[in-house]
Each structure stands twice: as C-alpha cells, then as structure tokens.
Amino acid sequence: MTLLKALESRLSSALQQVLGEASPAHVTPAADLRFGDYQSNAAMVLAREKAKSAPPAQKTNPRALAQQIIDAIDLSGLATAEIAGPGFINFRILPEAYAAHVKKLLGDDQLGVPAVGQGQTVVIDFSAPNVAKPMHVGHIRSTIIGDSLCRIARFLGFRVIADNHIGDWGTQFGMILHGWKTALDSQALQADPIPELLRLYREVNAATKQNPAILEACKAELVKLQAGDEQNLEIWKQCIELSKQGLQRIYDQLDVSFDHWLGESSYNERLPSLVEELLEKGIARESEGAVCIFSDGKKIPEEDPFKIHKQDGWMDNPAIVRKADGGFLYATTDLATIEHRIDEWNADQIWYVVGVPQQLHFRQLFDAAERWGKNGNFRHVAFGSILGEDRKLMKTRSGDNVQLADVLDEAVERAAKIITEKNPALPAEEAAQAAKTIGIGAVKFAELSQGRLTDYVFAWDRMLALQGDTAPYLQYSSVRIRSIFRKLEQKLETATTEIVLHAPEEIHLARLHARFGEVLPSTLDDFKPNLLANYLLELARAFHSFFEACPVLKSDEPLRSSRLALCELSARILETGLGLLGIKCPERM
Ligand code: ARG
C-alpha cells in the first residue's frame, strides 16, 4: 500500500468514528514540504456539507472538526498530524515509517506501484503514419507518447494491445501507382524504399497540378485498385511491404513495438455492410446521394459534434460514411476498427494518440460509436505541434517537413560528439552504443517532459545538456550511482539491510522513493507522462543532494549499508522510470 493510501485508510476510520458514517477521506501530497508530506481538506469539505443541512446555530467550525478528527485518528507508527489555516490537516510521515517503506520497496519488483489496471484491456492506437509518405516529426509525438503510455499501462497491470493503424488505403495510392508505372527507379527503391516512394508521390502530385490528364490517370489507377485490379493490388502490396520495412527500421531505432499493424485496409471488406447497418438502425441517412451521420438531437448544440455554429446559428455538421460515388471514408474505417477492437479483443478502453487537428473527427466517431452500441471508453489523447527554434512549425531549409529518420540520426551524431569530448577513453564500440542510448533518449525525454497539449520548441542544445532537465542528466545520475557499486568488494544484500534515516537529505530521498507508487498511476488520469518525467528529475536532484551531504562508502555500519540501499533503490527507480518513458541507461558515459 502507498503511504498516501495508508493515510487515507486511517483517516477514513477516524471519520467513521467522529461522524458515525463512512465519508470520503481524501489525502493529497503536500504542496509545500515545510508543512508536512501530505494534507487533507476533509474537515473543510465535511463542515461545508453539514452546514447545508443543519440550522445556522449548529454550524460546524471546520477547525473544530479537524481537531476532533486529529483526536480520533490513529497514526501510530505512520505519521503526526497538525491543523493548519482554515481547517487543513497536515501529515508528516515519521522517519521510521519511511525507513520501513524503503525496506519494503527494496524487496518489491513493482517498487510500490499498485496494479490499478488489473483485469482491464486497453487498446492504444498510436504512431499510425500514412504509408508511402514519410513519417515526419509530428508523428514522433504520437509514437513516443503512445509507446510510453503502453509501457506505463502495462506496468500498472493493464492488458495492453498496441495497434499501429497505418494509413494504407488512402487516395495517395492513385499517385503512387501512376508514378510506379511511369517513373520508378527500382534500384533506389531497393536501397531505401521510403524516399523513393516519397519522390514518386511528390513528383506525380506536382505533375497533377500542371496537367489535368495526369490527375485523371491517377484517379483511374485508384478506381482500378479499389475494384480489385490484380496488377494494381500487386504493386500496392509491394508498397505496403517496403514501407513497413522502412518504418520498422525507425521503430527499431526508437525501440518501439506493436502487437498489431491493422491498417485501414484491414477493414475494407466490412465497410459496405457496416454502412447498411448504420442505415437500418437509423444512425446514418442518405443526403445528396451520400450516406451521412447527423445529430440525434440528444445533446445541447454546444456539446453536439454534429452541430456547428455559423453566422446563421447552429447548422448540421454531418460525418460522411459513404460518398455519392460509393467510396468509403476515414470515419467508416474507424467505426469498423472500433467494432473489431471491442468484439474481438474485448477492449474496455481505447486511447487514440493523435494530434489536436483531428479532434472533431474523434468527437464524431465516439458519439457515433456509442449510438451504434459500441461503448469503448474512448479517449482522444491529443497533442500540440513541434516548433523549430524560430517558433514556427519545424521545416527543413528547403521548406519541407523535417523527417523523423533525419532527426534521429542527428540526435545520435550530436550525442557521439559530446561523449568523445567528455570521455575520450571510452572504447569505440561502447561509445557508439552510448551515443544511441543518449541521443534517442534525449529526443524522447524532450518530448515526454512537456505537457502534451502545448506546442514545444525543438532545441538540440537544451535537450542534450548534461546539466538540466534532460535525459542525459538522468542517465548520468544512474551511471554515477552504478559506479558506486562497482567500487564495492561484495554484493549488497538489501533484503536484510537495516534502514536508518537521520539526515534531512536521507529523509527527502526516501520520501521521493515512496512517491513513485503514487505518481505513476496519476500519469494515466489525464495521460501525462510528463508527471513521471518531472518526478524523475526531482528524484535525481534529491539523490545528488543526498550524495553530497551524506558520505556512503566512507561511513560506518549500519549507516553505510543503509545508504548503499538508498543508492540502490534510487538507481532502480530511476532506471525503471526512464524505462517507462522508453529510455535506456548506458553502463558508462
Ligand atoms: N493515419 C492517420 C494520420 O496520420 C492517423 C490515424 C490515427 N488513428 C485512427 N484510428 N484514426 O493522420
């Protein structure tokens, strides 16, 4: 049990005693450590509540109620309590309680993290680039945030299904097919497929703007593909295969993996009957030859995704599921995808890690799915844009979108330079490996330490700094701790170590150890891996202050072993936490 939960349970018994009935006993980490470790505003909330039902003469004073609670609460072996301000109760955890908690954590593979996801299946839809187009840095956000959410949810006990819903059936294939037949450079394709497919797409796309005949030719290729033309299907399959290989290379570099790659095309067969079903059930209807989903009128217009406010007031804002020419759309495929995830995979929740611009699509999708009887506890985990150092959308010098593969290569190159400067003695192979770990880690941490909804500026020097709120700083902290253990003549037996906490730096470090099991579940409340990232920075800072103030190897027993155990636990939490952000630690750097 976390210390926070332990306090809540003791508080809840006290409330039962004082009020004679079960009442919510909420405890939060203290905002200011000078006043304690945790606090509760239960007395204020309950006093307010009582005031609503009681005559004014019997008004309950929140401070008096807080005092009654403190008199009743049994905090033995755990904490002390104090009233503050208008009726807050502040709790200070006893050093021996921290010591006992640290001891428990040392023997716990889960490091005190509760399995809050046990018995729940969550599908996480992330990355999902469009095939035959390169992943750009915008996809980096989805890939890195989504991967971290997968890791965190798994650690919390969820059954996680990572699904890469790639865009493998879009209109871009008309152009690719035309380019493939008229301008393919097979050698370039074999060497590196994604840039060649991109070249075809770009050149044909430009040509269609000059020459309407080419546009028609592309449309004809697309129609043939969709009608099942064998040659076009064969080319399409090759494109998908080659693109997947190219993508896989990037995922390998990022250490990201999926349980499934069920792209849009996986659902093609289901689409005609799905639209019929929506028509039969009255969820969709025909409009100007197309089939559309309109509002069912059950929500106020402000909350209705099928209504939009224009000059003349609220207008319909339907989602098309079948075009007048018979073609299906993004939303149709997404409905089929939801059905598959709920019916075949038993998804209790589905999280979509996709940028802010698709907000309307997801609001409409979730609303339509629920009307269709598919309730998947849907969440759109949206994120903002990545900006260049000029605070504009990140572009290359020629004005193109920056490509993810190039960013990753540059990160590794820059990290390699730093390592050669700092530690020229490191053997070449180890240095190359460390450069990968540090370069990729820096990019991931820069992403994950930001609030996901804000736009963030991609600044190389800042993300690679050894001193700062960066991955290299955290990796360096773990390397430093591990180096203490290298000096040790024999292995530390933490299971039997006595933990003694005296110095304020020791107590503060233990406090942060205990917080891991509280912080991690909270990252999923609003899908904020940055809470974990910031916690890890705090932990590393606490470790360095401890290490400066408290000699470890040079102190006498039992302090020496106790402090070594604190070091060991710090390293384990740091490495586990970084691992949940998808970041590894090098042995040396
Ligand atoms: N392929 C889409 C894009 O790049 C993202 C797909 C997101 N997932 C989904 N189920 N719609 O914009």
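Residues numbered from 1 in each chain as written. Predicted model: local features only at pLDDT ≥ 70, side-chain atom pairs only at ≥ 80, totals over all residues. Heavy atoms only, no water.

Draft legend 1. Structural context of helix α18 (residues 504-522). The terminal C-alpha atoms of α18, which comprises 19 residues, lie 27 Å apart, in line with the 27 Å expected from a rise of 1.5 Å per residue. At R515, α18 shows its largest kink, close to 40°. Across the 19 residues that make up α18, a large majority, 15, are buried. (Helix = DSSP H or I, 4+ residues; strand = E, 2+ residues; numbered from the N terminus. Expected span 1.5 Å × (residues − 1). Bend = angle between axes of the 7 residues up to and from the residue. Buried < 20%, exposed > 50% of the residue type's maximum accessible area, 1.4 Å probe, protein only.)

Draft legend 2. Quick look at the side chain of D168. Note on placement: D168 falls in the loop between β6 (159-163) and α6 (172-183). No salt bridge is formed by the buried D168; its nearest oppositely charged neighbour, K244, is found at 6.2 Å. At a separation of 2.7 Å, a polar atom in the side chain of D168 contacts the main-chain amide nitrogen of S265. Setting aside residues up to four positions removed in sequence, D168 forms contacts with V131, F173, W236, I240, G263, E264 and S265. (Lys, Arg positive; Asp, Glu negative; His and termini not counted. Salt bridge = Lys/Arg side-chain N within 4 Å of Asp/Glu carboxyl O. Polar contact = N/O pair within 3.5 Å; in protein donor to acceptor, adjacent residues only side chain to side chain. Contact = heavy atoms within 4.5 Å.)

Draft legend 3. Fine view of unusual backbone geometry. At the junction of E557 and P558, the peptide bond is cis and its omega measures out at 0° in the coordinates. Examined against the element boundaries, P558 turns out to sit in the loop between α19 (529-549) and α20 (559-580). The phi torsion at L111 lies on the positive side, around 55°, for a residue other than glycine. On the secondary structure map, L111 appears in the loop between α4 (95-106) and β5 (121-125). On the accessibility criterion, L111 (2% relative accessible area) is buried. One non-glycine residue, N377, lies in positive phi territory at about 50°. Checked against the element boundaries, N377 lands in the loop between α13 (359-371) and β13 (378-381).

Draft legend 4. Representation of the site of the ligand within the structure. What surrounds the ligand is the set D125, A128, N130, H139, H165, Y330, D334, Y352, V354, Q358 and F362. N130 has a polar side-chain atom sitting 2.8 Å from a nitrogen atom of the ligand. In the environment of the ligand, an oxygen atom lies 2.9 Å from a nitrogen or oxygen atom belonging to the side chain of Q358. Expressed as a share of its isolated accessible area of 350 Å², the protein-covered part of the ligand is 89%. Residues of the shell around the ligand, tallied by class, amount to 5 nonpolar, 4 polar and 2 charged. (Near = heavy atom within 4 Å. Areas by Shrake-Rupley, 256 points an atom, 1.4 Å probe, with all protein chains shown as cover. Nonpolar A, V, L, I, M, F, W, Y, C, P; charged D, E, K, R; others polar.)

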